Amino acid sequence: MRKLAAQLGTYYYRRNPLRIAQPRNFSSHSRADELALEQDAERKLGWALKLFFGGTATYVAYQFFPYMGDNLIQQSVSLLHVKDPLFKRMGASRLARFAIDDERRMKIVEIGGAQELLKMLEAAKDDRTRKEALKALSAISHSDKAVGALHHAGAIAIIKSTPGSSENVEVDKYKSSLLRRFQDLKYDVPSSDM
């Protein structure tokens, strides 16, 4: 049986030899063109993935960071309670950076940050501390409601009693801009005291 199978196999392959198909190139592009197309497709897909992940990260950050913002505002106000002027300056500087829209400015006022800044300004013994307190108060004063809250907290008297600085011009700049803001909103600031 084996012998018969071997003879039959030999007969069959002699009659129909095994044809190895040659690869045919049906494309009009060369190999270099194909590589360029593949690289272009990979680049476009890479950009699409980067945009997708970037958009996802932006969405998650937009949903997550507002909750951190309230906590950071509260921590910044807490820094104003510390006796060390360095920490008070850090808290005031952070509050000035957070006061970017009316909602956050009012959040700072509601938490008690405006009153603490006024206390800080009143008790300040150096120009750097006065400057940071006035800078934060100036940032908060861009909201009309916050200016009203500052007025009710006695800000005009405290700002007027703040000594000027010959070394730090920004202290006088922030002081005059705050008093001008109170005057623009028709609070009781005589123009001769500026």
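Residues numbered from 1 in each chain as written. Predicted model: local features only at pLDDT ≥ 70, side-chain atom pairs only at ≥ 80, totals over all residues. Heavy atoms only, no water.

As recorded by an unreviewed UniProt entry, the protein carries the name Coatomer beta subunit and is attributed to Parasponia andersonii.

Peer 1: Please set out the overall build of the protein residue by residue, giving values where relevant.
Peer 2: Looking only at helices and strands, one finds nine helices and zero strands in the protein. In the protein, the succession of helices and strands from N to C terminus is α-α-α-α-α-α-α-α-α. Sequence-distant contacts, at least 24 apart, represent 60% of the contacts inside the protein between residues at least 6 apart. Entry remark: accessible area of the protein is about 13,800 Å², with carbon and sulfur atoms responsible for 57%. (Helix = DSSP H or I, 4+ residues; strand = E, 2+ residues; numbered from the N terminus. Contact = heavy atoms within 4.5 Å. Areas by Shrake-Rupley, 256 points an atom, 1.4 Å probe, with all protein chains shown as cover.)

Peer 1: Talk me through helix H3 (residues 85-98); I want residue IDs and the actual numbers.
Peer 2: With 14 residues, H3 should cover 20 Å at 1.5 Å per step; its first-to-last C-alpha distance of 20 Å lies within 8% of that length. Considered for burial, the residues of H3 that qualify are Lys88, Arg89, Gly91, Ala92, Leu95, Ala96 and Phe98. (Expected span 1.5 Å × (residues − 1). Buried < 20%, exposed > 50% of the residue type's maximum accessible area, 1.4 Å probe, protein only.)

Peer 1: Lay out the environment of lysine 175 with the relevant residues and their values.
Peer 2: With respect to the helices and strands, lysine 175 occurs in helix H9 (residues 169-184). Separated by 40 residues in the primary sequence, lysine 175 and lysine 135 place their C-alpha atoms 8.7 Å from one another. Filtering out sequence-adjacent residues up to four positions away, lysine 175 remains in contact with Leu134, Ile159, Lys160, Thr162 and Gly164. Polar contacts involving the side chain of lysine 175 include one to the main-chain carbonyl oxygen of threonine 162, which spans 2.5 Å. (Polar contact = N/O pair within 3.5 Å; in protein donor to acceptor, adjacent residues only side chain to side chain.)

Peer 1: Tell me about the pattern of salt bridges, residues and numbers included.
Peer 2: Counted under the stated rule, the structure contains nine salt bridges. The partner of aspartate 126 in a salt bridge is arginine 89, with the nearest N and O atoms 3.3 Å apart. Residue aspartate 126 is found in the loop between helix H5 (113-123) and helix H6 (127-140), and its partner arginine 89 is found in helix H3; the two are separated by 37 residues along the sequence. Between lysine 119 and glutamate 116 there is a salt bridge, with its nearest N and O atoms 3.4 Å apart. (Salt bridge = Lys/Arg side-chain N within 4 Å of Asp/Glu carboxyl O.)

Peer 1: Lay out the side chain of arginine 89 with the relevant residues and their values.
Peer 2: Judged by its relative accessible area of 14%, arginine 89 is buried. Non-local contacts of arginine 89, meaning those with residues more than four positions away in its chain, are made with Met120, Asp126, Arg128, Thr129 and Glu132.

Peer 1: Quick rundown of the side chain of serine 138? Include the residues and the values.
Peer 2: Topologically, serine 138 is positioned in helix H6. Classification of serine 138 as buried rests on a relative accessible area of 12%.

Peer 1: So what's going on with a nonpolar patch on the surface? Residues and values would help.
Peer 2: On the surface, Leu45, Leu49, Phe52 and Phe53 cluster together into a nonpolar patch covering about 450 Å² of accessible area. Among the structural elements, leucine 49 can be located in helix H2 (residues 31-79). (Patch = residues over 30% accessible without salt bridge, like charges linked within 9 Å, V, L, I, M, F, W, Y side chains within 5 Å.)

Peer 1: Can you break down the packing of helix H4 (residues 102-111) against H5 residue by residue, with the values?
Peer 2: H5 packs onto H4 with a crossing angle of 70° between their chain directions and a minimal axis gap of 4 Å. Here H5 runs roughly perpendicular to H4, going by the angle between their axes. Taken together, the residues of H5 that come into contact with H4 (itself represented by Ile108, Val109 and Ile111) are Gly113, Ala114 and Gln115. Split into classes, the residues belonging to the contact of H4 with H5 amount to four nonpolar, two polar and no charged. (Axes fitted to C-alpha atoms, helices over the stretch in contact; angles between N-to-C directions. Parallel < 35°, antiparallel > 145°, perpendicular 65-115°, else oblique. Nonpolar A, V, L, I, M, F, W, Y, C, P; charged D, E, K, R; others polar.)

Peer 1: Explain the packing of aromatic side chains to me, using residue names and the numbers behind them.
Peer 2: According to the stated counting rule, one finds one aromatic pair in the structure shown. Taking NZ or CZ as reference, lysine 50 lies 4.9 Å from the ring centre of tryptophan 47, over its face. One residue, lysine 173, lies across the ring of tyrosine 174, its end atom 5.0 Å from the ring centre. (Phe/Tyr/Trp six-rings, centres within 6.5 Å; stacked < 30°, edge-to-face > 60°. Lys NZ or Arg CZ within 6 Å of the ring centre and 35° of its normal.)

Peer 1: Would you mind going over the environment of alanine 133 in detail, with residue names and values included?
Peer 2: Relative to the helices and strands, alanine 133 is located in helix H6. Overall, the relative accessible area of 0% leaves alanine 133 in the buried class. Considered as a pair, alanine 133 and methionine 90 are 43 residues apart in the sequence and their alpha carbons are 9.9 Å apart. If sequence neighbours within four positions are ignored, alanine 133 has contacts with Ala92, Leu117, Met120 and Leu121.

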